[in-house]
Structure formats: C-alpha cells, structure tokens
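Per-entry structural report
Chain by chain, the residues:
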Amino acid sequence: MTLERDEKFMRAALKEAKKALGQTSPNPAVGAVLVINDRIVARGHHRGAGHDHAEIECLRDFGAPVPAGATLFVTLEPCSTAGRTAPCTNAIISAGVKNVVVGAIDVNPRHSGEGIMQLRNAGVNVREGVLAEDCARLNEAFNQWIVTGRPFVIAKCGMSLDGRLTQSPVEPRWITGPSARRHARELRARVDAVLVGAETVRADNPRLTVRGTPRARQPWRVVLTRSGKLPRRARLFSDRLAARTLIYEGKSLAGVLENLGKLGITSVLIEGGGDVLGQALDARLIDKVQLYLGPILTGGPVIAFPGRGADNAASAVRLRRVSYQRIAQSVCITGYPERPTSK
C-alpha cells in the first residue's frame with residue numbers, strides 16, 4: 001500500500017515537472033507535491049534557470065508551517081549545493097519537512113547522492129527510487145549532457161514507406177499528414193537546438209521555428225556546410241531570429257556536437273537532410289529516433305539515412321524501448337539505439 005501511495009503522488013509530481021519541459025535548460029525539469037493525510041496540499045515545478053526550484057515553489061505554495069506528518073514528493077534528488085539559487089536541502093530542513101520521497105537520483109557526479117545524505121543526516125526520513133525510470137527519462141537529455149558534456153541527439157524525419165524523404169523538388173508534396181507534422185514540430189519546443197545540413201537550407205528554405213506552442217523557447221538553429229556557400233537570403237539568416245542561427249563550416253558532426261555541448265546546449269534535434277542523418281547514424285551519434293511514416297511509396301534517390309550503412313544485419317543499429325503511435329494516416333516510431341557493448 002505504501003508503494004502504491006508513493007507512486008500515485010510521484011505521478012502527480014511528474015505531471016508538475018512536465019509543465020516546464022523545454023523551458024528549464026540547462027537545468028533539469030523537476031516537479032514536487034506536498035501531501036498531508038493522503039491529500040495534495042501544495043504543488044510546484046522548476047520554471048527555468050534562475051527561478052526557484054520545484055521544492056521551494058511547492059513549500060511557498062503551502063505558505064504555512066509544515067506539520068510533522070507531511071510528505072514532500074520530488075521527482076529529482078534535491079540539490080545540495082548553491083548555484084543561482086540556495087540549496088534545496090537547506091530549505092527543506094528549515095521548513096521542518098520530516099518525510100521526503102525522491103524519484104530519480106541526481107546523476108551529476110559532483111553531488112550525486114549528497115542531497116539525500118544531507119537530509120538523512122538532519123533526521124529527515126527519505127525514500128528514494130519511486131518511479132525512478134520515469135523520473136530519469138523526463139531528463140534524459142540533461143542526464144547525458146551533465147555526465148558526458150555531449151548533447152542528447154534526436155534524429156527526426158518524415159519518410160515514405162520505402163525510406164525516402166521527399167518526392168519532387170519541383171512540385172513538393174507532404175509525405176505525412178498535417179496532424180503528424182504538428183506532432184513533429186512539438187519536438188522543437190523541447191530541445192535546445194535544431195540542426196540541418198546546407199542542402200536542406202538550399203532546397204527547403206526552412207524556418208525551424210516553434211509554432212503553436214505557448215511560452216515555448218525558440219531553439220538555436222544550427223547549419224552544417226562543407227563549402228560555406230549558403231543562400232544569404234534564406235529565412236534562417238534573414239528573419240527576426242537570425243541571431244539564433246549558428247553556422248559550422250567544414251566541421252565533423254561529432255566536433256559540432258562537442259562544441260554545442262560546451263555552449264550549454266543539452267539537446268539537439270537533427271531534422272535533415274539525409275546526408276546529415278546518414279552521418280549521424282554511421283558515427284553512432286544518435287541517442288533517440290522519432291520517425292514519421294507516411295502511407296506513400298515515392299521511390300527516388302533521396303534516402304532518409306544513406307551514408308556507408310551497415311555491412312550486415314548483425315552490425316546494424318537496433319532499437320530498444322520502441323513505441324508506435326498512429327497519428328491519422330501516419331505512424332510515429334520512437335526508439336533508442338542500443339549502445340555497443342565493450343568487450
């Protein structure tokens with residue numbers, strides 16, 4: 001019964017955390033709820049870098065002395081060090097909270113587990129690991145970046161059933177329907193940067209903007225080019241967001257990602273074209289794929305993931321945690337490439 005209760009309220013805390021997805025980078029998204037007598041009496045979530053953390057907002061929302069029987073549920077281990085804000089562990093202890101339930105442990109090696117240890121040393125009863133996988137997945141991009149320094153890379157494209165990206169450049173047709181395209185654009189609102197190759201800029205003249213999502217941040221727009229010969233009148237270089245466009249000339253994709261990570265960019269969405277997607281696949285730089293299959297066969301030379309390819313099926317990239325979602329007449333396939341095991 002205790003586990004069922006903990007999971008019930010942790011799901012409520014996760015719901016709080018999701019309110020700020022795409023708005024907290026380079027910080028994680030975190031949610032918290034305060035429970036008294038099996039009833040949620042206060043809620044909070046981290047709204048963005050420099051703002052109060054979820055635990056602080058939740059305790060402020062309660063606005064009264066915390067009774068001994070109250071329990072604070074938080075999706076991520078409370079921070080134990082001072083940054084732009086004071087340590088959350090201090091605030092929790094000062095508020096008199098005696099019971100804390102934690103979802104995921106902070107993966108930052110500098111202070112992983114420190115927050116829980118501080119709370120326990122102060123006499124707080126801490127239960128950890130409740131819906132840990134769900135809580136960790138919420139911040140999969142932050143978790144990778146804070147440990148490795150490399151952004152979390154999502155490969156996304158709309159493709160035909162025979163693996164093509166486009167039909168005719170003279171008379172373009174959408175491969176996927178409007179509902180699938182809206183669903184795909186929502187990804188932009190949750191990443192720090194959107195990356196395309198020069199050929200996509202020349203052929204499609206994309207905007208790569210966030211549309212239809214209130215309060216969403218506009219991600220950086222990143223262009224890879226070998227020659228540097230880009231159409232200067234393209235939207236990415238001439239619209240009101242031109243200052244948020246980065247151009248990398250003659251750089252490897254791995255080198256670009258390393259540089260973006262140093263800039264504090266925790267997640268990158270590769271939107272095309274096929275050449276860049278193929279580079280990412282060959283170099284095993286993709287952390288997640290989100291592919292939209294339209295009910296169409298196009299043929300033609302523009303392949304979604306060209307590159308060198310795998311020598312055989314055994315060396316091909318396989319996906320784990322695969323999910324399928326039908327969106328009108330299209331199908332969205334999401335999965336995570338398996339990492340090669342070290343011998």
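Note that the structure is predicted; figures quoted are calculated from it, not measured. (Residues numbered from 1 in each chain as written. Predicted model: local features only at pLDDT ≥ 70, side-chain atom pairs only at ≥ 80, totals over all residues. Heavy atoms only, no water.)

With 37 residues, the main nonpolar core has Met 10, Val 33, Leu 72, Phe 73, Val 97, Val 100 and Val 126 as its most contacted residues. Residue contributions to this core peak at six residues, all from helix H1 (residues 2-17). Filtering out sequence-adjacent residues up to four positions away, Met 10 remains in contact with Phe 73, Val 74, Thr 75, Val 101, Val 102, Gly 103, Val 130, Leu 131 and Cys 135. Core analysis: the next-biggest nonpolar cluster, separate from the first, contains 26 residues, Val 153, Ala 155, Met 159 and Leu 253 among them. (Core = buried A, V, L, I, M, F, W, Y, C linked by side-chain atoms within 4.5 Å. Buried < 20%, exposed > 50% of the residue type's maximum accessible area, 1.4 Å probe, protein only. Helix = DSSP H or I, 4+ residues; strand = E, 2+ residues; numbered from the N terminus. Contact = heavy atoms within 4.5 Å.)

Bringing the packing of aromatic side chains into the picture now. A complete count under the given rule lists two aromatic pairs for this structure. Plain terms: the ring middles of Phe 9 and Phe 73 are 5.4 Å apart, the flat faces sit at 50° to each other, and that makes the pair tilted. In this pair, Phe 9 sits in helix H1 while Phe 73 sits in strand E3 (residues 71-76), placing the two residues 64 residues apart along the sequence. In this structure, Phe 9 and Phe 73 share a single accessibility class: buried. Ring centres of Phe 142 and Trp 145 lie 6.4 Å apart, and the angle between their planes is 50°; this geometry places the pair in the tilted category. Taken together, the positions of Phe 142 and Trp 145, both in helix H6 (residues 140-148) and three residues apart, correspond to about one turn of that helix. Each member of the pair, Phe 142 together with Trp 145, is buried. Seen from the ring of Trp 174, Arg 181 lies directly overhead, with NZ or CZ sitting 4.1 Å from the centre. Positioned over the ring face of Phe 237 is Arg 232, at 5.6 Å from the centre of the ring. (Phe/Tyr/Trp six-rings, centres within 6.5 Å; stacked < 30°, edge-to-face > 60°. Lys NZ or Arg CZ within 6 Å of the ring centre and 35° of its normal.)

On to the environment of Leu 208. Mapped onto the elements of the fold, Leu 208 is located in the loop between helix H8 (198-204) and strand E8 (220-225). For Leu 208, a relative accessible area of 3% corresponds to the buried category. Separated by 99 residues in the primary sequence, Leu 208 and Pro 109 have C-alpha atoms spaced 34 Å apart. Excluding residues that lie within four positions of it along the chain, Leu 208 makes contacts with Arg 188, Val 194, Val 196, Gln 218, Arg 221, Leu 236 and Glu 271.

A surface patch of nonpolar side chains, amounting to about 340 Å² of accessible area, comprises Leu 319, Val 322, Tyr 324 and Val 331. For the nonpolar patch, the element with the most residues is strand E12 (residues 319-327), which contributes three residues. Within the secondary structure layout, Val 322 lies in strand E12. (Patch = residues over 30% accessible without salt bridge, like charges linked within 9 Å, V, L, I, M, F, W, Y side chains within 5 Å. Areas by Shrake-Rupley, 256 points an atom, 1.4 Å probe, with all protein chains shown as cover. Salt bridge = Lys/Arg side-chain N within 4 Å of Asp/Glu carboxyl O.)

Here we come to the sheet that holds E3. Strands sit in the order E2-E1-E3-E4-E5 across an open sheet of five strands; the sheet is mixed. Because the sheet does not close on itself, it has two edges, and the strands there are strand E2 (39-45) and strand E5 (125-127). Strand-to-strand twist in this sheet, taken as the mean axis angle between neighbours without regard to direction, amounts to 20°. As judged from the three bridges shared by strand E4 (residues 99-104) and E5, these two strands associate in the parallel manner. (Pairing = 2+ DSSP bridges. Axes fitted to C-alpha atoms, helices over the stretch in contact; angles between N-to-C directions.)

Okay, unusual backbone geometry next. The step from Ser 25 to Pro 26 runs through a cis peptide bond, and the omega angle for that step is 5°. Omega for the peptide link from Gly 272 to Gly 273 comes to 0°, which places this bond in the cis form. With respect to the secondary-structure elements, Gly 273 resides in the loop between strand E10 (267-272) and helix H11 (274-282). At Leu 131, a residue that is not glycine, the phi angle is positive and equals roughly 50°. For Leu 131, the position within the fold is in the loop between E5 and helix H5 (132-138). With a phi angle near 45°, Asn 205 is a residue other than glycine that sits in the positive phi range.

Time to look at helix H7 (residues 178-185). Regarding H7, the residues found buried are Ala 180, Arg 181 and Ala 184. The arc enclosing the buried residues of H7, seen along the axis, measures out at 100°, which places them on a common side. Elements that come into contact with the buried residues of H7 comprise strand E6 (152-159), strand E11 (288-293), E12 and strand E13 (330-337). (Arc of directions from axis to C-beta.)

Ordered in space as E9-E8-E7-E10-E6-E11-E13-E12, the eight strands form an open sheet in which the pairing is mixed. The open sheet is flanked by strand E9 (245-249) and E12, the only strands paired with a single partner. Put simply, the sheet's adjacent strands are angled 20° from each other on average, direction ignored. Seen against the sheet, H6 touches E6, E10, E11, E12 and E13 and runs at an angle of roughly 135° to E6.

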